[in-house]
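# A closer look at the structure
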Amino acid sequence: MSDEVQPGHVRVRLDLSYDGGDFHGWAKQAGGRRTVQGEIEDALRTVTRSKQTYELTVAGRTDAGVHARGQVAHVDLPAELWAEHREKLLKRLAGRLSKDVRVWRLSEAPAGFNARFSAIWRRYAYRVTDNPGGVDPLLRGHVLWHDWPLDVAAMNEAARALVGEHDFAAYCKKREGATTIRTLQELSLVRGADGVITATVRADAFCHNMVRSLIGALLFVGDGHRGPEWPGKVLAAGVRDSAVHVVRPHGLTLEEVGYPADELLAARNKEARNKRSLPSAGCC
């Protein structure tokens, strides 16, 4: 796959956010299900009065029910169309899109930029409360209620064994031909003054269900069902453990996507496309 933009076209970066509650995820689907990608592409086609749909490439495909505050995508548009609409395109999209999805910024991307393959990290937040009364009604679409008291210190102790480059097969839904090796750069939890616990999860990339599985394991530690060493043992075993639950999606938000300096984009794109393997531990 080349990152070269076709002659006569301009690559445009979109910074956007959405409430995932009423979406069937990011990616377009057959059968007319409502998706973020489909909604934005339809709006873009309508406001530019185009006969064709210009396809978006996104930094991270979110599942049904997952939110995004700092999602990034790109689209390649004919140069004349971009020149004609660029000044008013943002406001026109705001008038066309539903209120649960917003495009905040449109800009010409630097050479070699690819919203997916140029990214060097994605940062998610998962929010949960153990308040015995439940979730604040105003936050119910973004915070999970866990009906056991949670020990945040024990959860952080367990999280430390998961940070680094590992094969996360035990925490991922396997996909044919896809690697489950990832570098987890940060996994930490903080209880706020309102009692809501926010888990920050940052990695170079994530495999399917990885964040929600990690949080499911940490909740089992936090409520005392497992010891702090258990998530690390699951990771080392390398196979799915039936005790690791994939928590519900509504507590998860993609907060931010990180990119390197412009001059490093091409190298990052190439690196991101290489299938990874862990260093051999030797035969004995």
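Scoring rules and cut-offs
- Residues numbered from 1 in each chain as written.
- Predicted model: local features only at pLDDT ≥ 70, side-chain atom pairs only at ≥ 80, totals over all residues.
- Heavy atoms only, no water.
- UniProt positions renumbered as here; feature names shortened; annotations may be inferred.
- Helix = DSSP H or I, 4+ residues; strand = E, 2+ residues; numbered from the N terminus.
- Rg over C-alpha atoms; globule rule 2.2 N^0.38 Å.
- Buried < 20%, exposed > 50% of the residue type's maximum accessible area, 1.4 Å probe, protein only.
- Areas by Shrake-Rupley, 256 points an atom, 1.4 Å probe, with all protein chains shown as cover.
- Phe/Tyr/Trp six-rings, centres within 6.5 Å; stacked < 30°, edge-to-face > 60°.
- Salt bridge = Lys/Arg side-chain N within 4 Å of Asp/Glu carboxyl O.
- 1 Å grid on protein atoms, 1.4 Å probe; cavity = no way out; pocket = protein on both sides within 12 Å on 5 of 7 lines; lining within 4 Å.
- Points joined across faces, edges and corners; volume = space filled by probe spheres on them.
- Axes fitted to C-alpha atoms, helices over the stretch in contact; angles between N-to-C directions.
- Parallel < 35°, antiparallel > 145°, perpendicular 65-115°, else oblique.
- Left-handed = near helix turned anticlockwise from the far one by under 90°.
- Contact = heavy atoms within 4.5 Å.
- Nonpolar A, V, L, I, M, F, W, Y, C, P; charged D, E, K, R; others polar.
- Disulfide = S-S within 2.5 Å.

For the protein, an unreviewed UniProt entry supplies the name tRNA pseudouridine synthase A and the organism Streptomyces sp. 900105245. Under the Subunit (unreviewed entry) heading, UniProt states for the protein: "Homodimer."

Here the focus is the overall build of the protein. A tally of helices and strands in the protein yields 7 helices and 10 strands. Its C-alpha atoms give the protein a radius of gyration of 20 Å, within 12% of the compact-globule value 19 Å for 284 residues. In terms of principal-axis extent, the alpha carbons of the protein reach across some 60 × 55 × 35 Å. By the burial criterion, 51% of the 284 residues in the protein qualify as buried. Accessible surface for the protein amounts to roughly 14,600 Å². Of this, 50% is attributable to carbon and sulfur atoms.

Now for the packing of aromatic side chains. One pass over the full model with this rule turns up 5 aromatic pairs. Ring centres 6.4 Å apart and planes at 70 degrees place the aromatic pair Y18 and F23 in the edge-to-face group. Of the two residues, Y18 and F23, neither departs from the other in class, the shared state being buried. Aromatic side chains F113 and Y259 sit 5.0 Å apart centroid to centroid with 55 degrees between the ring planes, which places their arrangement in the tilted category. Taken together, the residues F113 in the loop between β4 (101–108) and β5 (121–129) and Y259 in the loop between β10 (252–258) and α7 (265–273) connect sequence positions 146 residues apart. With respect to burial, F113 and Y259 carry one shared label: buried.

The next thing to look at is the pattern of salt bridges. Scanning all chains against the criterion turns up 16 salt bridges. A salt bridge links R34 to D100; the nearest nitrogen and oxygen atoms lie 2.8 Å apart. Linking R34 in the loop between β1 (9–18) and α1 (36–47) with D100 in the loop between α3 (89–96) and β4, this pair joins segments that are 66 residues apart in sequence. For R34, a relative accessible area of 25% translates into the label partly exposed.

Quick look at unusual backbone geometry now. Of note, the phi angle at R49 is positive, near 55 degrees, even though the residue is not glycine. When you line up the elements, R49 lands in the loop between α1 and β2 (57–58). By relative accessible area, which is 59% here, R49 ends up exposed. One non-glycine residue with positive phi stands out, namely N209, at about 70 degrees. Here N209 lies in the loop between β9 (197–203) and α5 (210–222).

Attention now moves to empty space enclosed by the protein. Scanning the model with the defined rule gives 1 cavity of 30 Å³ or more in all. Of the volumes computed, that of the largest cavity is approximately 30 Å³. Contributing elements (two or more residues each) for the lining of the largest cavity: β5, β9 and α5.

Right, let's talk about the packing of α1 against α3 for a bit. Orientation of α1 relative to α3, taken along the N-to-C sense of each, is 120 degrees, at an axis distance of 10 Å. One element, α1, and the other, α3, form an angle in the oblique class. Relative to α3, α1 is oriented so that their crossing is right-handed. Of the residues in α3, those touching α1 at A43, L44, T46 and V47 are L89, R92, L93 and R96. Per-class residue counts for the contact of α1 with α3 are 5 nonpolar, 1 polar and 2 charged.

Looking now at the UniProt feature "binding site: substrate" (unreviewed entry) in the protein. Here, the residues flagged by UniProt with the feature "binding site: substrate" (unreviewed entry) are Y124. Classification of Y124 as buried rests on a relative accessible area of 9%. In contact with Y124, other than residues within four places in its own chain, are T62, A199, T200, V201, F206, V211, L252, T253, L254 and E255.

Another point: the UniProt feature "active site" (unreviewed entry) in the protein. As recorded in UniProt, the feature "active site" (unreviewed entry) lies at D63. With respect to the helices and strands, D63 occurs in the loop between β2 and β3 (67–78).

What follows covers the state of the cysteines. Enumeration according to the criterion identifies 1 disulfide in this entry. What pairs with C172 in a disulfide is C207, and their sulfur atoms sit 1.7 Å apart. Note that C172 is positioned in the loop between β7 (164–167) and β8 (181–191) and C207 in the loop between β9 and α5, a separation of 35 residues in sequence. For the pair C172 and C207, one class covers both residues: buried.

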